[in-house]
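A structural walkthrough
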Amino acid sequence: MQLITSMRSALTAGAAAAVLLTGTGGAVAAPAALSAQATAPSAEATAPAAATTRSAHSAYGRLGPLAGLSAERLATGDLVAAAKWGTGGPIDDPAREREVLDAVADQARRLGADPAATVRIFRDQIEASKVVQRGLHRRWHADPAQAPTTRPDLDEVRKEINRINGELVRAIARSPHARSVPYCAPLLTVAAAQVRHERHLDGLHTMALARSLRSVCDGA
């Protein structure tokens, strides 16, 4: 199930996730004339719902950090864009991208995680960062007054990116169940919407966040 690429669908997905997280389906109250025995849910009926609720809470707890770290990584895209601004250098950097993918695959193996899934998720992280960089460069070309006046040290920025990468690989390694549940996508969308709200993301970074999370859910 592919993660939706627009936060405008977060309300719909949020409603679905709310049902999962609360274990309720908005049932209509039974008429008072019915006996308590007739209206009370049986243990057999409530056990699956309770199990689903626990599973959803657990999955959401694992997916939230993935969304948060992805947004944190995207914030470094602003610094990379500023470092490259005015240099004439390309946004794409295949050598650096390969270095990152090789490093996260190696770390995933050491953690006992799936290196292929980790690389797939990080490809999206890299593409999302480029969405931010290209978007900012277009914005600065259109309005030079918004362009940065100082150039960050790209090597220092990459040290921060490497730190976040390590945390993100560990979060991926801790979340194989959460990423494989059938309701992963709506839960992840709610987590992303929460991150968007907390970080006050603009349209560009909201779009990039959705791009960064595209392959988090298995089967996406």
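The structure reproduced in this document is the subject of the present report.

Reading guide: rules and limits
Residues numbered from 1 in each chain as written. Predicted model: local features only at pLDDT ≥ 70, side-chain atom pairs only at ≥ 80, totals over all residues. Heavy atoms only, no water. Helix = DSSP H or I, 4+ residues; strand = E, 2+ residues; numbered from the N terminus. Buried < 20%, exposed > 50% of the residue type's maximum accessible area, 1.4 Å probe, protein only. Contact = heavy atoms within 4.5 Å. Areas by Shrake-Rupley, 256 points an atom, 1.4 Å probe, with all protein chains shown as cover. Polar contact = N/O pair within 3.5 Å; in protein donor to acceptor, adjacent residues only side chain to side chain. Disulfide = S-S within 2.5 Å. Expected span 1.5 Å × (residues − 1). Arc of directions from axis to C-beta. Axes fitted to C-alpha atoms, helices over the stretch in contact; angles between N-to-C directions. Parallel < 35°, antiparallel > 145°, perpendicular 65-115°, else oblique. Left-handed = near helix turned anticlockwise from the far one by under 90°. Phe/Tyr/Trp six-rings, centres within 6.5 Å; stacked < 30°, edge-to-face > 60°.

1. Thoughts on the overall build of the chain
Per the secondary structure count, the chain includes 8 helices and 0 strands. Along the chain direction, N to C, the helices and strands of the chain fall in the order α-α-α-α-α-α-α-α. With 220 residues in all, the chain has 42% of them scored as buried. Sequence separation of 24 or more characterises 89% of the internal contacts of the chain that already satisfy a separation of 6 or more. Here the chain displays about 11,600 Å² of accessible surface, and carbon together with sulfur accounts for 56% of that area.

2. With respect to the side chain of Ser215
Following the sequence through the fold, Ser215 ends up in the segment after α8 (203–212). Reaching out from Ser215, the side chain makes a polar contact with the side chain of Asp124 at a distance of 2.6 Å.

3. A closer look at the state of the cysteines
Under the criterion given, the structure shown has 1 disulfide. Disulfide pairing places Cys184 opposite Cys217 at an S-S distance of 2.0 Å. Across the S-S bond of Cys184 and Cys217 the torsion is about -80 degrees, and the bridge reads as left-handed. Pair noted here: Cys184 is in helix α7 (residues 184–199) and Cys217 is in the segment after α8, with a separation of 33 residues, a long-range link.

4. Concerning helix α4 (residues 94–111)
For α4, built from 18 residues, the straight-helix expectation of 26 Å at 1.5 Å per residue is met to within 8% by its first-to-last C-alpha distance of 26 Å. Inspection of α4 places Arg96, Glu97, Val100, Leu101, Val104, Ala105, Gln107 and Ala108 among the buried residues, and these make up the whole buried set. The buried residues of α4 all sit within an arc of 165 degrees when viewed along its axis, so they share a single face. Exposed side of α4, more than 90 degrees from the buried face: Ala95, Arg109 and Arg110 are the residues found there. Positive phi shows up at Gly112, right after α4, with a value of about 75 degrees.

5. With respect to the packing of helix α5 (residues 115–142) against helix α6 (residues 154–173)
With their axes 11 Å apart at the nearest point, α5 and α6 run at an angle of 135 degrees to one another. Of the possible angle classes, the one that applies to α5 and α6 is oblique. The two elements α5 and α6 meet at a crossing, and its hand is right-handed. Contact residues: α5 offers Thr118, Ile121, Phe122 and Gln125, while α6 offers Asn165, Leu168, Val169 and Ile172.

6. Let's talk about α7
If you check α7, its first and last C-alpha atoms are 22 Å apart, about what 16 residues at 1.5 Å a residue would give, namely 22 Å. Along α7, the residues that are buried comprise Cys184, Ala185, Pro186, Leu187, Leu188, Thr189, Ala191, Ala192 and Val195. Directly after α7, the chain includes His200, whose backbone phi takes a positive value near 55 degrees.

7. As for the packing of aromatic side chains
According to the stated counting rule, one finds 1 aromatic pair in the structure shown. With centroids separated by 5.4 Å and ring planes inclined at 80 degrees, the aromatic side chains of Trp85 and Trp140 adopt a geometry described as edge-to-face. With a gap of 55 residues between them, Trp85 in the loop between α3 (43–84) and α4 and Trp140 in helix α5 connect regions that are remote in the sequence. Comparing Trp85 with Trp140, the two get one shared label, buried.

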